[in-house]
Amino acid sequence: RDLSEKTLKESESRYRELFEANPHPMWVYDLETLAFLAVNDSATNRYGYSREEFLGMTIKDIRPSDEVPRLLENVRGVTEGIDDAGAWWHIRKDGSAILVEITSHTLLFSGRPAELVLAHDITDRKRQEDELKYVATHDDLTGLANRALLLESLNQAVSHARQTGQSVALLLLDIDRFKVVNESLGHDFGDKLLCEVGNRLLQIVRGSNTVARLGGR
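Keep in mind the model is a prediction, meaning the values are calculated, not measured. Throughout, a residue's number is its position along its own chain's written sequence, starting from 1. Restriction of local features to residues with pLDDT of at least 70 applies here, the model being predicted, together with a cutoff of 80 or more for giving and counting side-chain atom pairs; totals for whole chains, interfaces and linings are based on all residues. With hydrogens and water stripped out, all remaining heavy atoms of the structure feed into the side-chain values.

Trainee: Even after reading the chapter, I still don't get the overall build of the chain, so can you show me in this structure?
Mentor: Put simply, DSSP marks the helices as runs of H or I at least four residues long and the strands as runs of E at least two long, and each gets a number from the N terminus on. A count of helices and strands for the chain gives 8 helices and 5 strands. Secondary structure elements of the chain occur, N-terminal to C-terminal, as α-β-β-α-α-α-β-β-β-α-α-α-α. Whereas a compact globule of 217 residues would reach a radius of gyration of roughly 17 Å, the chain reaches 27 Å, over 25% beyond that. Reported as C-alpha extents along the three principal axes, the dimensions of the chain are approximately 95 × 45 × 30 Å. Each residue is placed in one exposure class: buried if its accessible area under a 1.4 Å probe, protein chains only, is under 20% of its type's maximum, exposed if it is over 50%, and partly exposed if it falls in between. Of all 217 residues assigned to the chain, the portion counted as buried reaches 29%. Contacts between residues were defined by any pair of non-hydrogen atoms, one from each residue, lying within 4.5 Å. The long-range share in the chain, meaning contacts at least 24 apart out of those at least 6 apart in sequence, stands at 42%. Only the protein chains shown count as covering a residue, and every accessible area follows the Shrake-Rupley method with a 1.4 Å probe. Split by element, the accessible area of the chain, about 14800 Å² in all, is 52% carbon and sulfur. Measuring between centres, the 27 positive side-chain charges of the chain sit 4 Å from its 35 negative side-chain charges. Throughout, radius of gyration means the C-alpha value; the globule benchmark is 2.2 Å times the number of residues raised to the power 0.38. In this tally, Lys and Arg are treated as positive and Asp and Glu as negative; His is ignored, and so are the chain termini. For this purpose, a charge sits on NZ of Lys, CZ of Arg, CG of Asp or CD of Glu.

Trainee: Looking at this structure, I do not really get the layout of surface pockets. What am I missing?
Mentor: One water molecule sets the probe size; rolling that probe over the atoms shows where empty space is left. Using a grid of 1 Å spacing that covers the protein atoms alone, one calls a set of points a cavity when a 1.4 Å probe fits there but cannot get out, and a pocket when the set is open and has protein on both sides within 12 Å along at least five of seven lines; lining residues are those with an atom within 4 Å of a point. Grid points are joined across faces, edges and corners, and a volume is the space filled by probe spheres set on the points. If you add up the space inside the largest pocket, you get close to 1200 Å³. Forming the boundary of the largest pocket are 34 residues, of which Leu170, Leu171, Thr210, Val211 and Ala212 lie nearest the centre. For the lining of the largest pocket, the secondary structure elements donating two or more residues are α6 (147–164) and α8 (187–204). Counting residues per element, the lining of the largest pocket draws most heavily on α6, which supplies 6 residues. For this scheme, ten residues count as nonpolar: Ala, Val, Leu, Ile, Met, Phe, Trp, Tyr, Cys and Pro. Four count as charged, namely Asp, Glu, Lys and Arg, and the remainder, Gly too, count as polar. Considering only residue class, the lining of the largest pocket consists of 20 nonpolar, 11 polar and 3 charged.

Trainee: Whenever I open this one, the pattern of salt bridges confuses me. Can you help?
Mentor: Opposite charge on two side chains permits them to pair, given that their charged atoms come into close proximity. One side-chain nitrogen of Lys or Arg within 4 Å of one carboxyl oxygen of Asp or Glu is enough to make a salt bridge. In this structure the tally under the stated criterion is 13 salt bridges. Between Arg46 and Asp121 there is a salt bridge, with its nearest N and O atoms 2.4 Å apart. Within this pair, whereas Arg46 is found in helix α2 (residues 41–47), its partner Asp121 is found in strand β5 (residues 112–121), the two being separated by 75 residues in sequence. Classification of Arg46 as partly exposed rests on a relative accessible area of 29%. One network of salt bridges, in which partners are shared, links Asp30, Glu32 and Arg112.

Trainee: What am I meant to see in the environment of Lys60 here?
Mentor: By secondary structure assignment, the location of Lys60 is in the loop between α3 (51–54) and α4 (68–76). Residue class for Lys60 comes out partly exposed when judged on its relative accessible area of 37%. Taking the C-alpha atoms as reference points, Lys60 and Asp188, 128 residues apart in sequence, are found 52 Å from one another. Contact partners of Lys60, with chain neighbours within four places excluded, come to Leu34, Val68, Leu71 and Leu72.

Trainee: Explain the packing of aromatic side chains to me, please; I cannot follow it from the model alone.
Mentor: Each aromatic ring pair is summarised here by two numbers: the centre-to-centre distance and the angle between the ring planes. Think of it this way: a Phe, Tyr or Trp ring, Trp meaning its six-membered ring, pairs with another when their centres are within 6.5 Å, and the plane angle makes it stacked under 30 degrees, edge-to-face over 60, tilted otherwise. Overall, the coordinates contain 5 aromatic pairs when judged by the stated rule. Plain terms: the ring middles of Trp27 and Tyr47 are 5.7 Å apart, the flat faces sit at 85° to each other, and that makes the pair edge-to-face. Placement of the pair is Trp27 in strand β1 (residues 26–30) and Tyr47 in helix α2, with a sequence separation of 20 residues. Across this residue pair, the class does not change: Trp27 and Tyr47 are buried. Aromatic side chains Phe36 and Phe54 sit 5.0 Å apart centroid to centroid with 70° between the ring planes, which places their arrangement in the edge-to-face category. Of this pair, Phe36 sits in strand β2 (residues 36–39) while Phe54 sits in helix α3; the two residues are 18 residues apart in sequence, bridging distant segments of the chain. The exposure classification of Phe36 matches that of Phe54, with both residues buried.

Trainee: Help me understand empty space enclosed by the protein, please; the structure alone is not making it clear to me.
Mentor: For the structure shown, the criterion picks out 1 cavity of 30 Å³ or more. In this structure, the largest cavity encloses a volume near 120 Å³. What lines the largest cavity is a set of 15 residues, among which Tyr29, Arg63, Asn74, Ala85 and Ile102 lie closest to the centre. Broken down by secondary-structure element, the contributors of at least two residues to the lining of the largest cavity are β1, α4, β3 (82–91), β4 (97–109) and β5. Here the lining of the largest cavity is built from residues that sort into 10 nonpolar, 2 polar and 3 charged.

So yeah, pure geometry; function would need other evidence.
Listed below in structure tokens is the structure:
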């Protein structure tokens, strides 16, 4: 019995160490009430709520309102074992949003069915990925779609048109005597002219249309 109690205490000690000292936010919530039952220091530091504030909230309180239905559906589908719930937007106390990848595991907490959650903040990684994708698909001067994005959009439009029997329009515009503008007023002025033309085209097309610059540096 002494050995069993010692083993249990050592196991609980390791659990507390892994939970409290984990560099990623972690918490336990009640699967029925969705109330927070325990949070670690990383969670309070990252989200801005005190431990007492967390324990007076439910997991719905840190989600955008439009994601709550998906959250409830996800909770209803919780099964035993480790669950990779994917990426979710969470709201911090100051109102800012962070994107986190959620990994969870079911357990009994004080005799009640609960879920142990680890949240990995991927906000910076997602921002960098979006920036790299933007650079790869947009003209660096005008901010318009580049040739690669135009071809992708055109292929999608043609495919959709074939399925629906609709038509696709492709309009190619050229700026007359643009070389004269560059030579007489300078390349800086020519760049401003290109940007202004691009902005005016964006203002007169629908959001579903693509305006691209085929030239560029």
